[in-house]
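Remarks on the overall topology
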Amino acid sequence: MQITYKNFNLIIYLFGVFISGIGTRLTTIALSDKLIKLTGNDFSISLVFILQSIPILALGMLAGNIIDKSNKKISFILINLISSLTSLIFALTYNTLIIFSVILLNGIIQAFYIPVVTSLMPLLVDKKDLIKANAIKMSVNGVVMIAGYAFASILLNAAGSTTAFMLDSCSFIFVAMVSIFLKSRQNNTSSYNHPAANYKKDMLQGWNFIKTNAIIKHMFILDLLINFIISMQEPLTYIFVEKYLGGKMFMANRTALLFTFSGIGTIAGGIILRQFKSKNKLMIFSFSLIFDSILVIIFSLNRYFPISLLIFAGMGIVGSFTGSILQTVIQQYTPENLLGRVSGFINSIVQPLCVLSILIGGIFSNLIEVKWIFIIGSLLELLTGAYFIRKYRN
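Let us look at the structure shown here. All values reported here derive from a predicted model rather than from experimental measurement. (Residues numbered from 1 in each chain as written. Predicted model: local features only at pLDDT ≥ 70, side-chain atom pairs only at ≥ 80, totals over all residues. Heavy atoms only, no water.)

Moving on, we come to the packing of aromatic side chains. Think of a pair of aromatic rings as described by two things: how far the centres are apart, and how the planes are tilted against each other in angle. Evaluation of the coordinates by the stated rule reveals 14 aromatic pairs. Here the aromatic rings of Phe240 and Tyr244 are separated by 4.7 Å at their centres, their planes lie at 55°, and the arrangement is tilted. Highlighted residues: Phe240 and Tyr244, both in helix H9 (residues 214-244), separated by 4 residues, approximately one helical turn. Each ring, one from Phe240 and one from Phe374, has its centre 5.5 Å from the other, and the planes form 65°; the classification is edge-to-face. (Phe/Tyr/Trp six-rings, centres within 6.5 Å; stacked < 30°, edge-to-face > 60°. Helix = DSSP H or I, 4+ residues; strand = E, 2+ residues; numbered from the N terminus.)

Here you go:
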């Protein structure tokens, strides 16, 4: 934890991550509740993910290019202020067309937010401290995972969705205000004022860098694989619990407990990762894939719920490792002036792929047993981890 004591920037940033994370969970639960009540259609929840992914796919490269040419701190503040406005609209309107339009707007905001947070961290801490900073951030995300949804459920039952949206709006304003005190090392160079004619060429620089840099290319492939598997497995966990770990009566509570233990594991993983001195992050990442695949296979075959809780805690630890290392490698091996474009391009592919993965998982769950979907995904993860261990052993 020494890095946080020394770095006031990181304290402010992580505090903002915590506050906005809680607020985002409020909106996630409240929005689902409001749409179900307004439409009476479960597909409206799926439509939320689809509408948010479309702008990320369409605008990811453009957004990354704009962020690379902008002041990251100011961009971060503006995005939070705009996000507070969208949450306020959710609170005030009962028109489904307006709600879905604002969801689409949130997708546009996300297209800019992702490259901003990726490229902002290296400006707040030294490069040698990035792995520790990202590990601490994963621990904070674990706390948010545990506390956020629990708080959202309690608040929704006690005060309704409007209050939840208003609190989320206030959380974004608060984050914007405290972010004013961030001290960024970003230099004001002329690269922020390229003529519009160069934008098409500049956008492709992110993709070209990924193609030519072997490490970033491999992390891009691994990011695609991990998100594809996790996005497919996460909603199928509900079905798995219903079929194998308690039935419909215990499905909601037991699934919530599984994800809670995953959050506990995420906190622990962030703490453990900070103790690693090895510079070969790709080897740690590859071994993490193998451990995760083994845990998923055991989970798929296990029928004793307390053991499943421990397995999910282990998955949380591994997820903290992979998430922290993925972010750190991209931040360390990508030039500062390309980080927004590289991050924007990666997420323009990853985010829509997650939605596609959910749809594919839903289709296959009607064709084969859910446990086999978990096992097949884990075997793919196992082979990938083994391949990269062999590749980076030297």
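Okay, back to it.
Okay, a nonpolar patch on the surface next. Together, Phe8, Ile11, Ile74, Leu78, Leu81, Ile173, Met177, Ile180 and Phe181 make up a nonpolar patch on the protein surface, roughly 880 Å² of accessible area in all. Those elements that place two or more of their residues in the nonpolar patch are helix H2 (8-39), helix H4 (72-92) and helix H7 (161-179). Here the nonpolar patch gets 3 residues from one element, more than from any other, and that element is H4. Within the fold, Leu81 resides in helix H4. (Patch = residues over 30% accessible without salt bridge, like charges linked within 9 Å, V, L, I, M, F, W, Y side chains within 5 Å. Areas by Shrake-Rupley, 256 points an atom, 1.4 Å probe, with all protein chains shown as cover. Salt bridge = Lys/Arg side-chain N within 4 Å of Asp/Glu carboxyl O.)

With that settled, the discussion passes to the environment of Tyr94. In this structure, Tyr94 sits in the loop between H4 and helix H5 (96-124). Judged by its relative accessible area of 55%, Tyr94 falls in the exposed class. Considering only alpha carbons, one finds Tyr94 and Ile29, 65 residues apart in sequence, at a separation of 16 Å. The contacts of Tyr94, once residues within four sequence positions are left out, are Lys34, Leu38 and Thr162. (Buried < 20%, exposed > 50% of the residue type's maximum accessible area, 1.4 Å probe, protein only. Contact = heavy atoms within 4.5 Å.)

Summed over the entire model, instances satisfying the criterion amount to 2 salt bridges. For the salt bridge of Asp68 with Arg341, the shortest nitrogen-to-oxygen distance reads 2.7 Å. With Asp68 in helix H3 (residues 43-68) and Arg341 in helix H13 (residues 339-364), the pair connects residues that are 273 residues apart, well separated along the chain. Take Asp68 and Arg341: they sit in the same class, and that class is buried.

Note on placement: Met232 falls in helix H9. Relative accessible area serves as the criterion here: at 12%, Met232 is assigned to the buried category. Along the sequence, Met232 and Leu309 sit 77 residues apart, while their C-alpha atoms lie 19 Å from each other. Contacts of Met232, omitting those with residues within four sequence positions, involve Ser357, Ile360, Gly361 and Ile373.

It is worth spelling out the packing of helix H6 (residues 130-159) against H7 at this point. Remark: H6 packs on H7, axes separated minimally by 7 Å, with the N-to-C direction vectors making an angle of 130°. Of the possible angle classes, the one that applies to H6 and H7 is oblique. Facing H6, whose interface residues are Leu155, Leu156 and Ala159, H7 presents Ser161, Thr163, Ala164 and Leu167. A breakdown of the residues in the contact of H6 with H7 according to their chemical character gives 5 nonpolar, 2 polar and no charged. (Axes fitted to C-alpha atoms, helices over the stretch in contact; angles between N-to-C directions. Parallel < 35°, antiparallel > 145°, perpendicular 65-115°, else oblique. Nonpolar A, V, L, I, M, F, W, Y, C, P; charged D, E, K, R; others polar.)

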